[in-house]
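Chain residues, written in single-letter form:
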Amino acid sequence: MITSFILRALEGRIVMTVAVLAAVALAIPASNLLLSPDSALHVPTYAMSLMGKYLCYALLALALDLVWGYCGILSLGHGAFFALGGYAMGMYLMRQIGSRGVYGNPLLPDFMVFLNWKELPWFWHGFDMFWFAMLMVVVVPGLLAFVFGWFAFRSRVNGVYLSIITQAMTYALMLSFFRNDMGFGGNNGLTDYKEILGFSVQADGTRAVLFALSALMLALCLVLASAITRSKFGKVLVGVRDAESRVRFLGFRVEDIKLFTFVVSAMMAGIAGALFVPQVGIINPGEFAPANSIEVVVWTAVGGRGTLIGPIIGAVLVNGGKSFFTGAFPELWLYALGALFIGVTLLLPKGIVGTVQSVLAARRAVKAAAGRDASENDDRAPSQVQAAE
């Protein structure tokens, strides 16, 4: 059953994308570790970490596409799930510092010593164990999504109202995490990491492994999302997006369908945040900012929502463009980003991948129509010959 569920996901474009991600996961780290820095094919560590960040953003955009593109839930709060996964990873990394911190306290992180905390808060316990931290990476965002979705979907909050509520949720979390008494580092957040699983976070080998994990996790989540959307459940999911009242009339529990999809999407966003933090080196309340969640919507729209692959391309394209323009034209990059979004909205309303798919579908339809016409002409020809005789 599980095998058929996975095999159903492996249609052509998904297989091709997974193959590309697997190749990238091998080629970029190999170029960084095996080739001389003087080689033209050598990828510097900073560039590899930057591309790893793009892959984490792509995973976040994929998570949003699952609920927006296929379920019709425009979430403006997915940055909250991303940040919670990042904080779970950051808490583990902070616990690994131990007595090597500025204040030399083997138990309390430096910011707690500075704020005169006497003991470790209860919610920090267990984060010295990697397996527990990785469990929290998916449990905490998933639990928040479950509680939020339980009340929102059963209250039948839809459309723009749901979007506003999700944005309010992430804004409330941002304000809470800015407080020093919350125990998460306040405005400065969590930083100055030393090692992960005994390996230096700054080492080239560790950076290469983190990059490869980001690419492979993106490929795995893409297969999972494809399996969900191409299953019978996925067909109902699209029905909820296009005609929720009809699906409800047919006897389906729309609230449960939305809730399941929302929780899975939140867990994927949490994984993206966890992979993001060790590569960037910091997590702070700024990741909860509503503007970050809106940016994810832009990436998904640019690539093409409801396509799975489109949001990945959109995230990489927009963030790559941002990096280029901030370096080449630091005063103009915001205008360039705005022009990109406006141009795609006006000229490519279905996004990059969506437009390409529409063009290819139109060509196939024309070829099929031409084939039918030719077949009908061939069928008519013998009858016309007999009539002439």
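Before going into details, it helps to say that this report is about the structure given with it. (Residues numbered from 1 in each chain as written. Predicted model: local features only at pLDDT ≥ 70, side-chain atom pairs only at ≥ 80, totals over all residues. Heavy atoms only, no water.)

### Description of the overall build of the protein
When its secondary structure is counted, the protein shows 15 helices and 4 strands. Taken along the three principal axes of its C-alpha coordinates, the protein extends 105 × 60 × 50 Å. Here the contacts in the protein between residues at least 6 apart in sequence split such that 77% fall between residues at least 24 apart. Summed over all atoms, the accessible surface of the protein reaches about 19400 Å², with 68% contributed by carbon and sulfur. Separation between the mean location of the 27 positive side-chain charges and that of the 22 negative ones in the protein comes to 6 Å. (Helix = DSSP H or I, 4+ residues; strand = E, 2+ residues; numbered from the N terminus. Contact = heavy atoms within 4.5 Å. Areas by Shrake-Rupley, 256 points an atom, 1.4 Å probe, with all protein chains shown as cover. Lys, Arg positive; Asp, Glu negative; His and termini not counted. Charge placed at Lys NZ, Arg CZ, Asp CG, Glu CD.)

### What to know about the packing of aromatic side chains
Summed over the entire model, instances satisfying the criterion amount to 21 aromatic pairs. Considering the side-chain rings of tyrosine 57 and phenylalanine 82, the 6.2 Å spacing of their centres and the 35° angle between planes classify their relative orientation as tilted. A residue pair is termed long-range when its members are at least 10 positions apart, and tyrosine 57 in helix H3 (residues 45-68) and phenylalanine 82 in helix H4 (residues 78-95) qualify at 25 residues. Tyrosine 57 sits in the buried class, given a relative accessible area of 14%. Look at phenylalanine 82 and you get buried, because its relative accessible area is 3%. Geometrically, the ring pair formed by tyrosine 57 and phenylalanine 276 is tilted, given 5.5 Å between the ring centres and 35° between the ring planes. Here phenylalanine 276 lies in helix H11 (residues 254-280) and tyrosine 57 lies in helix H3, a separation of 219 residues in the sequence. Since its relative accessible area comes to 3%, phenylalanine 276 is described here as buried. Taken together, Tyr87, Trp122, Phe123, Phe177, Phe184 and Phe288 form an aromatic cluster joined through their ring pairs. (Phe/Tyr/Trp six-rings, centres within 6.5 Å; stacked < 30°, edge-to-face > 60°. Buried < 20%, exposed > 50% of the residue type's maximum accessible area, 1.4 Å probe, protein only.)

### Structural notes on the side chain of serine 49
Turning to its location among the elements, serine 49 is positioned in helix H3. Filtering out sequence-adjacent residues up to four positions away, serine 49 remains in contact with Arg207 and Gln279.

### Things to note about empty space enclosed by the protein
Under the criterion given, the structure shown has 1 cavity of 30 Å³ or more. Around the largest cavity, the lining residues are Phe153, Arg156, Val157, Asn158, Glu244, Arg248, Glu255 and Lys258. Split into classes, the residues belonging to the lining of the largest cavity amount to 2 nonpolar, 1 polar and 5 charged. (1 Å grid on protein atoms, 1.4 Å probe; cavity = no way out; pocket = protein on both sides within 12 Å on 5 of 7 lines; lining within 4 Å. Points joined across faces, edges and corners; volume = space filled by probe spheres on them. Nonpolar A, V, L, I, M, F, W, Y, C, P; charged D, E, K, R; others polar.)

### Quick notes on the side chain of aspartate 65
Inspection of the secondary structure assignment puts aspartate 65 in helix H3. Of the side chains with opposite charge, arginine 305 comes closest to the buried, unpaired aspartate 65, at an N-O distance of 6.4 Å. Setting aside chain neighbours within four positions, we find aspartate 65 in contact with Tyr70, Thr300, Arg305, Gly306, Thr307, Leu308 and Pro311. (Salt bridge = Lys/Arg side-chain N within 4 Å of Asp/Glu carboxyl O.)

### A few points about unusual backbone geometry
Not every positive phi belongs to a glycine, and aspartate 192 is a case in point at roughly 65°. Residue placement: aspartate 192 occurs in the loop between strand S1 (190-191) and strand S2 (195-196). Under the relative-accessibility criterion, aspartate 192 is labelled partly exposed at 37%. For leucine 197, which is not a glycine, the phi torsion comes out positive at approximately 55°. Position of leucine 197 among the secondary structure elements: in the loop between S2 and strand S3 (199-200).

### Some words on the environment of tyrosine 70
If you trace the backbone, tyrosine 70 turns up in the loop between H3 and H4. Of the residues examined, tyrosine 70 reaches a relative accessible area of 8% and is grouped as buried. For the pair tyrosine 70 and asparagine 188, spaced 118 residues apart in the sequence, the C-alpha separation amounts to 37 Å. Look past the residues within four positions of tyrosine 70 in its chain and what remains in contact with it is Asp65, Thr229, Leu237, Val238, Arg241, Gly306, Thr307 and Leu308.

### A closer look at the pattern of salt bridges
Applying the stated criterion to the full structure yields 11 salt bridges. Put simply, arginine 154 and aspartate 256 hold a salt bridge, and the shortest N to O gap is 2.7 Å. In this pair, arginine 154 is assigned in helix H6 (residues 130-154) and aspartate 256 in helix H11, connecting sequence segments 102 residues apart. Of the charged contacts, one joins glutamate 295 and lysine 322 as a salt bridge, the two residues approaching to 2.7 Å between their closest N and O atoms. On the criterion of sequence distance, the pair formed by glutamate 295 in helix H12 (residues 290-303) and lysine 322 in helix H13 (residues 309-328) is long-range, its members being 27 residues apart.

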